[in-house]
Amino acid sequence: MIPFDYQRADDADSAVATVTGHPQAQFLGGGTNLVDHMKLGVADPELLVDISRLPLDEVTELDDGGLRIGATVRNSDLAAHPLIRRRYPVLAEALLAGASGQLRNMATTGGNLLQRTRCVYFQDVTMACNKREPGSGCAALEGYTRYHAILGASDGCVAVHPSDMAVAMAALDATVVVLGAAGERRIPLAEFHRLPGSEPQRDTVLEHGELITAVDLPASTPRRQAYRKVRDRASYAFALVSVAAVVKVDAAEGEPCITDARIALGGVAHKPWRASRAEETLSGAAPSVESFRRAAEAELEQADPLGDNGFKIPMVRNTMVAVLADLTGVEPEAVA
Ligand SMILES: Cc1cc2nc3c(=O)[nH]c(=O)nc-3n(C[C@H](O)[C@H](O)[C@H](O)COP(=O)(O)OP(=O)(O)OC[C@H]3O[C@@H](n4cnc5c(N)ncnc54)[C@H](O)[C@@H]3O)c2cc1C
Ligand code: SF4
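Residues numbered from 1 in each chain as written. Chains lettered and ligands numbered in written order. Predicted model: local features only at pLDDT ≥ 70, side-chain atom pairs only at ≥ 80, totals over all residues. Heavy atoms only, no water.

A. Inspection of the side chain of His 193 at higher detail. Among the structural elements, His 193 can be located in the loop between α9 (189–192) and β8 (211–217). Only 3.4 Å separates the side chain of His 193 from the side chain of His 161, close enough to count as a polar contact. If we skip the residues at most four places from it in the chain, His 193 touches Leu 113, His 161, Ala 166, Asp 203, Thr 204, Lys 271 and Pro 272. (Helix = DSSP H or I, 4+ residues; strand = E, 2+ residues; numbered from the N terminus. Polar contact = N/O pair within 3.5 Å; in protein donor to acceptor, adjacent residues only side chain to side chain. Contact = heavy atoms within 4.5 Å.)

As structure tokens, this is what we get:
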């Protein structure tokens, strides 16, 4: 039994002040990740500050036409919200592709963004892991790497970020709203999670004590959106690979062409991977299996697979082609 203290936060400012002032304190959202880690010995906070009952549990419309998602909105409530389903279906699809009904009922928006990697060596305290214990080494490099990164990894860590929700938010150009001791700051979701580099222990750019209060979604979002997840089981499994795509096709002047493509990949990197090379390749292109394949290949030129995960390269390519074909009405039988 490892003792720890528990406090229920009364308001966001005092929650931030308490955690900022205590180096071994952590916020508690739904607890579905943090409590597991405490049981495994991966996390050992001395103080938990429960923020799950703060009044941050609403989805509200912003003056500019966007939406604000409070940090304690539960994943199941967010997936079912009529405005999310209507305006941001890629997000509803991604949420419903994650975990199970019971877990989604507990999991919060802030906690989901900050869930930690599922790398089995990270979760096993007998194994070397630079993320859990900086400088101890990386057991995955000589181990089983089916679930690990093909993009943006370092010699220090090859883990992937496990969230489905965050991949959709990356494609939606979401912004994370954060409250710290020095006040509020806004961080584009694409810059919120980090690549491992030489500091794999840092998953995000957050400082200790900073509280996620909301995630904002922009108004001007094309309506052709989809999330597709490839996994070992049909449910209750993390992504081997996933693709979130948001696309606009303009057919006003004759031949249809892609005027806006926002694509993010999951299961391939230490962060939701915004596929900017693919997006550039698609810009102005006519929708076709050939142009989708070219876009995927432009992105995957930078892939560097490990011993067990070379299969992710064709898997990303084929999933991206299939999602884009669905969204643009390209004949499915033409997809290889
Ligand atoms: C069996 C299983 C299967 C799963 N499958 C999937 C899946 O397929 N796809 C998927 O995406 N996820 C999956 N998950 C993960 C699940 O989505 C996460 O555990 C959940 O989203 C975490 O949210 P939480 O509110 O419970 O976070 P918590 O466990 O409460 O917190 C997680 C971390 O976030 C911090 N934190 C929480 N809220 C805030 C905040 N507002 N500001 C700052 N810090 C905060 C905590 O201190 C902690 O470090 C699975 C989990 C399990 C157990
Ligand atoms: S891949 Fe990263 S999380 Fe996994 S063992 Fe190596 S350092 Fe740890």
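B. Geometry of helix α1 (residues 12–20). Within α1, burial applies to Ala 12, Ala 15, Val 16 and Val 19. When α1 is viewed along its axis, its buried side chains cluster within an angular range of 100° and face the same direction. Looking at α1, the residues exposed on the side facing more than 90 degrees away from the buried face are Asp 13 and Ala 17. Where α1 is buried, its residues touch β2 (25–28), β3 (47–50), β6 (175–180) and β8. Where α1 starts, the residue carrying a side-chain oxygen 3.1 Å from the main-chain nitrogen of Asp 13 turns out to be Asp 11. (Buried < 20%, exposed > 50% of the residue type's maximum accessible area, 1.4 Å probe, protein only. Arc of directions from axis to C-beta.)

C. The pattern of salt bridges, seen in detail. Tallied over the entire structure, the rule returns 18 salt bridges. We note a salt bridge from Arg 53 to Asp 50, for which the minimum N-O separation is 3.6 Å. Taking relative accessible area as the criterion, Asp 50 reaches 5% and is therefore assigned buried. Overlapping salt bridges bring together Asp 173, Asp 260, Arg 262, Arg 274 and Glu 279 as one network. (Salt bridge = Lys/Arg side-chain N within 4 Å of Asp/Glu carboxyl O.)

D. Layout of the nonpolar core. Grouped together as the largest cluster of nonpolar side chains are 53 residues, with contacts concentrated most on Ile 84, Leu 91, Leu 113, Met 169 and Leu 217. At seven residues, the largest contribution of residues to this core is made by helix α8 (residues 165–171). For Ile 84, the residues in contact, after removing those within four places along its chain, are Leu 67, Ile 69, Leu 78, Pro 89, Leu 91, Ala 92 and Leu 217. Ile 150, Ile 258, Val 268 and Ala 303 belong to the second largest nonpolar core, which has 32 residues in total. (Core = buried A, V, L, I, M, F, W, Y, C linked by side-chain atoms within 4.5 Å.)

E. Layout of the site of ligand 1. Close contacts around ligand 1 come from 34 residues, with Phe 27, Gly 31, Thr 32, Thr 108 and Asp 164 the closest. One nitrogen or oxygen atom from the main chain of Gly 31 is found 2.7 Å from an oxygen atom belonging to ligand 1. Between Asn 33 and ligand 1, the recorded distance is 2.9 Å, taken from a backbone N or O atom to an oxygen atom. Taken by itself ligand 1 offers 990 Å² of open surface, and the protein chains cover 93% of this. Of all the elements in the fold, those that place two or more residues in the shell around ligand 1 are β2, α2 (34–40), α7 (109–114) and β8. Here the element with the most residues in the shell around ligand 1 is α7; it accounts for four residues. Partitioned by chemical class, the residues of the shell around ligand 1 number 15 nonpolar, 14 polar and five charged. (Near = heavy atom within 4 Å. Areas by Shrake-Rupley, 256 points an atom, 1.4 Å probe, with all protein chains shown as cover. Nonpolar A, V, L, I, M, F, W, Y, C, P; charged D, E, K, R; others polar.)

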